Amino acid sequence: METTVDMREAVRTAKHFITEYFADEKIKSVGLEEIKYEGSSILITIGFVRPWDWSRNSLTGELREKRSYKVVRIGREGKVLSLMDRLLPE
């Protein structure tokens, strides 16, 4: 079956879901990272920063924000089907 949900609408749905789901954590810098079609679903990776996610550069000692990444699976009808971690190699 083909995906019928509009990609822009799927991205809006994923961002809204992440923003609402993590509202208590006061996330910021929410943004689109990746889009992938998989069967009749769209996998949308959303990145964001949590207040406690900071990393220190080992050379300069400078603090910087570390992004978290989540994959939101959107079904054909535009509904959120799942939320998963997107882990990047360090």
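Quick note: structure is the one above.
In short, a report on the structure. Note that the structure is a prediction, hence the values are computed from the model and not measured.

1. As for the nonpolar core
At step 1: Core analysis: the biggest nonpolar cluster contains 13 residues, and Ala10, Ile18, Ile44 and Ile74 have the highest contact counts within it.
At step 2: In this view, Ile44 contacts Ala10, Val11, Ala14, Leu32, Glu34, Lys70, Val71, Val72 and Ile74; residues no more than four positions away in its chain are not counted.

2. Let's talk about the packing of aromatic side chains
At step 1: For the coordinates displayed, the defined rule picks out three aromatic pairs.
At step 2: Three or more aromatic residues link up through ring pairs in this structure, and these residues are Phe17, Tyr21, Phe22 and Phe48.

3. Observations concerning the side chain of Ser68
At step 1: Mapping Ser68 onto the fold places it in strand 3 (residues 63-74).
At step 2: Polar side-chain contacts of Ser68 include one of 3.5 Å to the side chain of Arg50.
At step 3: Once residues lying within four places of it in the same chain are set aside, the contact partners of Ser68 are Ile46, Gly47, Phe48, Arg50 and Asp53.

Definitions and limits used
Residues numbered from 1 in each chain as written. Predicted model: local features only at pLDDT ≥ 70, side-chain atom pairs only at ≥ 80, totals over all residues. Heavy atoms only, no water. Core = buried A, V, L, I, M, F, W, Y, C linked by side-chain atoms within 4.5 Å. Buried < 20%, exposed > 50% of the residue type's maximum accessible area, 1.4 Å probe, protein only. Contact = heavy atoms within 4.5 Å. Phe/Tyr/Trp six-rings, centres within 6.5 Å; stacked < 30°, edge-to-face > 60°. Helix = DSSP H or I, 4+ residues; strand = E, 2+ residues; numbered from the N terminus. Polar contact = N/O pair within 3.5 Å; in protein donor to acceptor, adjacent residues only side chain to side chain.

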